[in-house]
Amino acid sequence: MKILVTVKRVSDPEAKLKIKPDGLWIQTEGVKFVVNPFDEIAVEEALRIKEKQTGEVVVVSVGDKVVTEQIRAALAMGADRGIFVNYAGSYDSYDIANILAKIVEQEKPDIIILGKQAVDDDMGQAGFMLAELLGYPQAAFASKVEITDDKKKAKVTREIDGGLEVKEVELPCIITADLRLNTPRYASLPNIMKAKQKPVKELTVESLGVAVKPRVTVKKLSEPPKRKGGVKVESVQDLVSKLKTEAKVI
Amino acid sequence: MKQFKGTDFYILDDLLTEEERLTRQSVRDFVDREFMPKIQQSFRDARFPMEVVPSLGRLGVFGAQINGYGCSKVSNIAYGIMMQELERGDSGLRSFASVQSSLAMTAIHEYGSEEQKNHWLPELASAKKIGCFGLTESDFGSNPAGMRTTATQDGKYYVMNGSKMWITNGSVADVAVVWAKTKKDDPKSIKGFLVEKGTRGFSSKDIHNKLSMRASVTSELSFDECKIPEDSILPHSGGLKSPLTCLMHARYSIAWGAIGAAMACYEEALDYAKERVQFSRPIAGYQLVQERLVWMLSEITKAQLLAWRMGKMQDNESLKHYHVSLAKMNNVKIALEIARACRDILGANGITDEYQCMRHMNNLESVYTYEGTNNIHTLVLGEHITGIKAFE
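Residues numbered from 1 in each chain as written. Chains lettered and ligands numbered in written order. Predicted model: local features only at pLDDT ≥ 70, side-chain atom pairs only at ≥ 80, totals over all residues. Heavy atoms only, no water.

1. Focus: the overall build of chain A
- On a plain count of helices and strands, chain A comes out with seven helices and eleven strands.
- With the principal axes as the frame, chain A shows a C-alpha extent of 70 × 45 × 40 Å.
- Per-residue burial for chain A yields a buried fraction of 45% across its 250 residues.
- Long-range pairs, those at least 24 residues apart, make up 70% of the contacts in chain A between residues at least 6 apart in sequence.
- Split by element, the accessible area of chain A, about 13700 Å² in all, is 51% carbon and sulfur.
- Each charge class in chain A can be summarised by its mean position, and for the 40 positive and 37 negative side chains these summaries are 2 Å apart. (Helix = DSSP H or I, 4+ residues; strand = E, 2+ residues; numbered from the N terminus. Buried < 20%, exposed > 50% of the residue type's maximum accessible area, 1.4 Å probe, protein only. Contact = heavy atoms within 4.5 Å. Areas by Shrake-Rupley, 256 points an atom, 1.4 Å probe, with all protein chains shown as cover. Lys, Arg positive; Asp, Glu negative; His and termini not counted. Charge placed at Lys NZ, Arg CZ, Asp CG, Glu CD.)

Okay, structure coming up:
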C-alpha cells in the first residue's frame, strides 16, 4: 500500500509572532519552524497503516529549500522517501491542490493523507480541492482510520457535532487528519541518522506543468485586539444591570 | 507548569545541523510528555521513575555516541544536546543517561573485548540491561588512586574485596563496571571488571534521606570475597587513566546537561517575574530583578557557546581533559547560581515543589560535587596553566 502524505512548514504554534511592517505576513527572524502539527498526525497515521499493511510512505512538501527540513523530520519519523517541490513564490490552497494532483498522477498512491488544515493560515481547503480535482472520494477530519480486509476501502470515523460519523470510502481516497487521530511518535535517534540517507526527489512546478496563479491573496494581517481588564462590581444588582445594559446577555 | 521553550538568545540554532535539531526535538518531546508529569511525585517519593527507561531505550538515547553495537552514532553535539534536554527535566534523569552511556557503555566500548562489547552494548543501548560505574569509595572521592578495593587473581577467577560509594543506579544495575587494584597499593594495577548482579559476594544498598538527586538511585556496592570469572576483566583497561577517560565523557555530558537545568530555572523565573505583582507592578519591572534575569541570560548564552565549541573540538579530536574541566566547572557553577537566583526571585513560592527551581538547585549541589568537584577542576586547570600540581 502506497501512502502519500503532505507536510507543511509552519511557524511554531508556541512562538510569539509579530507582523511584518508591510502587514502582509509575519516576521520570520528568530522564529522556530516546525511540521504543521496536523500533518505530523497525518504522517503518524500513514506510518501506522504501513506497519499493518506493508508498503511505502512518501512525504511531499512545497516551498523553498528550507522545507526540506520538515521533509527530513517526517523521514526521521519513519517515512520512506520525500518529494520536494521547489517553489519560492506565493500560492493559495488551489495552487497546492493542483501541484498535489500532479504528484498523485505520477505516484499513484492508494491513500493520500493531509493535515485537516495548516496552523499558520488555517485555510483548511487543500484536501477538499485535491479530492475534487482528482475525482477521489474524501473523508475529512478523521479521528480513526481502518483499512478493510480486502484493502479496497477505508473506514473513517469523524468527529461531528454531538457525536461520531463513520464513513466508508473506496481507495484511492483522500483523508484529512484531525487532532485526536493519534499521538505522533518521537523520531528515534537511529531513525534521525537514517533519514539522512533517504532519497528526496526535487521537482519544480514547471516540471509538473502547473502554472501557479494564486486567486486568493493576503491583504492585511492584524493582531487580535488587546483584552480590556475586567471590573469588580459592588453588588448583585450592579452585576445584573451590567449584564443587561453592557454585556446584553440577559 | 508552562511549556518549555528553550533559551536561544544568540540564535545558536543556526550552528546546529538538521539532525541535531531533530534530536533535540525528539528528546524535548519525550521529556515533556513522559517525564515532566512524573517528576514532582518521584522527587517527593525519592524514586527514579524506572518506567520511562524503555522509552529512552527506544528513542536511542543510550550510548548514542557509539558507532555500531546497536547504538545510534549521533554527532558529539547531538549527544550533548540530548543531555541538555534530559537535565532540563531533572538532573537525576540526565545522571541515569550519563552513567549508562558515558560511563558504563564507554568503559565497555573503550576497554572491553569484542565478546564483551557484542554481549553488553546492544543490551545496554536498548535499555534491556542497566549499567553502573563504581570508582568512588567512601574515603576516596577526589583521590581515586588511593582506592582500597582489590581484585586478586586466583586461578580462573578474580577475588574482589572492598566497597564503592555514591554509585548512581547501583542497586538497579544488571552489570557494574567496577575499578579495583589487582595489586595492593599499586594504582598502576587498576583494572576494570564487569560484575553482574547476583554474583555471590556482591551486594548493594541504597543511600537514603538525600536532600538532592531524590529522583535518582544512589547506592553503595560491597564486595566480600566476590569471585568473578577471569573473562570479566576489561582487557584493555590499565591504570587510573582508564576510568578517568570515561569520566571525561561523563563530564562532557554534564557540561551540556547543566545548561538544561539553568534554562528551565531561567524560564520559570522570567515568567514568574512578569506575572508577580508587588507594590504597583510586576517584579520584572524592578531593576534588581532585571539585573538578575539579564545576568542569567548572559551566563546561559556563554555556557551554550562553550558547550558547542567543546563538541566541535571533540569532533576533530582536539578536546583535552582540561578543556572539559573548564566547561564542567563553569557550566555547573553558573547553573547552580542561576537556580539559587531563580529561587530568590520566586520568593516563598520558590521553596515549594510546585515550581522547579529549588529541585534543580538541590540537584545541582550534587552535580557541583560529583565527577570532579569544582575545586578539583580548578586545580586541574591550575596545574595546566602553571605546570605546578597543587592538589597533592
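2. Quick word on the domain arrangement of chain B
All names here are of chain B.
- On domain assignment, one finds that chain B holds domain 1 (12-125), domain 2 (131-232) and domain 3 (241-386).
- Between domain 1 and domain 2, the C-alpha centre-to-centre distance is 23 Å.
- For the pair domain 1 and domain 2, the summed buried surface comes to about 1700 Å²; carbon and sulfur atoms form 72% of the total.
- The three residues of domain 1 that bury the most area against domain 2 are Phe43, Val99 and Trp120, which together make up 29% of that side's buried surface.
- Our count for the contact surface shared by domain 1 and domain 2 stands at zero salt bridges.
- In this structure, the connection of domain 1 to domain 2 is made through five residue pairs in polar contact (both at pLDDT 80 or more). (Domains from an automatic or database assignment. Buried area = accessible area lost by both parts, 1.4 Å probe. Salt bridge = Lys/Arg side-chain N within 4 Å of Asp/Glu carboxyl O. Polar contact = N/O pair within 3.5 Å; in protein donor to acceptor, adjacent residues only side chain to side chain.)

3. Topic: the packing of aromatic side chains
All names here are of chain B.
- Taken as a whole and judged by the stated rule, the model has ten aromatic pairs over all chains.
- Consider the rings of phenylalanine 48 and phenylalanine 96, whose centres lie 4.7 Å apart with planes at 5°: the pair is stacked. Of the two residues, phenylalanine 48 sits in the loop between helix H1 (18-45) and helix H2 (53-59) while phenylalanine 96 sits in helix H4 (residues 91-111), which places them 48 residues apart along the sequence.
- One aromatic cluster is present, formed by Phe48, Phe62 and Phe96 through successive ring pairs.
- Lysine 227 extends its terminal NZ or CZ atom over the ring of tyrosine 157, reaching a point 4.6 Å from the ring centre.
- Between arginine 292 and the ring centre of tryptophan 295, over which it is positioned, the NZ or CZ distance is 4.7 Å. (Phe/Tyr/Trp six-rings, centres within 6.5 Å; stacked < 30°, edge-to-face > 60°. Lys NZ or Arg CZ within 6 Å of the ring centre and 35° of its normal.)

4. Here's the deal with the side chain of lysine 181 of chain B
Residue and element names in this part refer to chain B.
- With respect to the element layout, lysine 181 can be found in strand E4 (residues 175-181).
- For the buried lysine 181, no salt bridge exists, and the shortest N-O distance to an oppositely charged side chain is 5.1 Å, to aspartate 185.
- Polar side-chain contacts of lysine 181 include one of 2.8 Å to the backbone oxygen of alanine 145.
- With sequence-adjacent residues up to four places away left out, lysine 181 is seen in contact with Ala145, Gly146, Met147, Thr149, Thr150, Ala151, Asp186, Pro187, Ser189 and Ile190.

5. Some thoughts on the packing of helix H6 (residues 241-275) of chain B against helix H9 (residues 357-369) of chain B
Residue and element names in this part refer to chain B.
- Relative to each other, H6 and H9 sit at 155°, their axes nearing to 10 Å. As judged from the angle between their axes, H6 and H9 are roughly antiparallel. H6 and H9 meet at a crossing whose hand is left-handed. Contacts between H6 and H9 involve Ile254, Ala261, Ala264, Cys265 and Glu268 from the former and Cys357, His360, Leu364 and Val367 from the latter.
- Looking at the contact of H6 with H9 residue by residue, the class counts come to seven nonpolar, one polar and one charged. (Axes fitted to C-alpha atoms, helices over the stretch in contact; angles between N-to-C directions. Parallel < 35°, antiparallel > 145°, perpendicular 65-115°, else oblique. Left-handed = near helix turned anticlockwise from the far one by under 90°. Nonpolar A, V, L, I, M, F, W, Y, C, P; charged D, E, K, R; others polar.)

6. Quick notes on the interface of chain A and chain B
- Each side of the interface is counted separately: chain A has 17 residues, and chain B has 23 residues.
- On the surface where chain A and chain B come into contact, there are three salt bridges.
- Lysine 196 of chain A is the salt-bridge partner of glutamate 19 of chain B, the closest N and O atoms lying 3.6 Å from each other.
- Linking chain A with chain B are seven residue pairs in polar contact (both at pLDDT 80 or more).
- Put simply, the parts of the chain that give the side of chain A that touches chain B at least two residues each are helix H2 (68-77) and helix H5 (189-195) of chain A.

7. A look at a nonpolar patch on the surface
Residue and element names in this part refer to chain A.
- On the surface, a cluster of nonpolar side chains totalling about 380 Å² of accessible area is made up of Val236, Val240, Val249 and Ile250.
- Note on placement: valine 240 falls in helix H7 (residues 236-245).
- Here valine 240 falls in the partly exposed class, since its relative accessible area comes to 31%. (Patch = residues over 30% accessible without salt bridge, like charges linked within 9 Å, V, L, I, M, F, W, Y side chains within 5 Å.)

8. Side note on unusual backbone geometry
- Along the chain, leucine 171 of chain A connects to proline 172 of chain A via a cis peptide bond; the corresponding omega equals -5°.
- Following the sequence through the fold, proline 172 of chain A ends up in the loop between strand E9 (163-170) and strand E10 (173-177).
- Positive phi, normally seen in glycine, also occurs at tyrosine 69 of chain B, with a value near 55°.
- For tyrosine 69 of chain B, the position within the fold is in the loop between H2 and helix H3 (76-89).
- Phi is positive for lysine 73 of chain B, which is not a glycine, with a value near 50°.
- By secondary structure assignment, the location of lysine 73 of chain B is in the loop between H2 and H3.

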